[in-house]
Amino acid sequence: MKIDGLELALSKALHEICMHGSGAVLSCIPGRLAYYRPESPGRGIILERPPR
């Protein structure tokens, strides 16, 4: 994917992965908050690790 390794505005990154046909993981806050978009049709999942 052409945005791998880039730092983007969240809205731009979400748009890019939603328009792409494969699965993706978007790291929003490294180690704490991410968004998983499955390859198959379906809803994405927000992944959160609570602060310690």
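Please read all numbers here as calculations on a predicted model, not as lab measurements.

**As for the overall build of the chain**
Then, number 1: Scanning the chain for helices and strands turns up one helix and three strands.
Then, number 2: Across the chain, helices and strands are ordered from the amino to the carboxyl terminus as α-β-β-β.
Then, number 3: Along the first, second and third principal axes, the C-alpha set of the chain runs to 35 × 25 × 15 Å.
Then, number 4: Each of the 52 residues in the chain was classed as buried or not, and the buried ones make up 19%.
Then, number 5: Of the contacts made within the chain by residues no fewer than 6 positions apart, 0% connect residues no fewer than 24 positions apart.
Then, number 6: Just so you have it, the chain exposes about 4300 Å², and 56% of that area is on carbon and sulfur atoms.

**Describing the pattern of salt bridges**
Then, number 1: One pass over the full model with this rule turns up one salt bridge.
Then, number 2: One salt bridge connects E16 with K12, and the closest N-O pair in it is separated by 3.0 Å. Here E16 pairs with K12, and both are found in helix 1 (residues 10–19), just four residues apart, close to one helical turn.
Then, number 3: In this structure E16 comes out as buried when scored by relative accessible area, which is 17%.

Here is what the cut-offs are and how they apply
- Here, residues in each chain are numbered from 1, in the same order as that chain's written sequence.
- For this predicted model, a pLDDT threshold of at least 70 governs which residues receive local features, and a threshold of 80 or more governs which side-chain atom pairs are given and counted, while totals over whole chains, interfaces and linings are taken from all residues.
- As a rule here, side-chain values cover all heavy atoms of the structure and leave hydrogens and water aside.
- Starting at the N terminus, helices and strands are each numbered in turn, a helix being any DSSP run of H or I of at least four residues and a strand any DSSP run of E of at least two.
- Under the scheme applied here, a residue whose accessible area is under 20% of the maximum for its type counts as buried, over 50% as exposed, and between as partly exposed, the area being computed with a 1.4 Å probe on protein chains only.
- Any two residues whose heavy atoms approach within 4.5 Å at even a single point are treated as in contact.
- Residue exposure ignores everything except the shown protein chains as possible cover, and the areas themselves are Shrake-Rupley values with a 1.4 Å probe.
- Every case where a carboxyl oxygen of Asp or Glu lies within 4 Å of a side-chain nitrogen of Lys or Arg is listed as a salt bridge.

So far we have only geometry, and geometry alone does not tell us how the molecule works.
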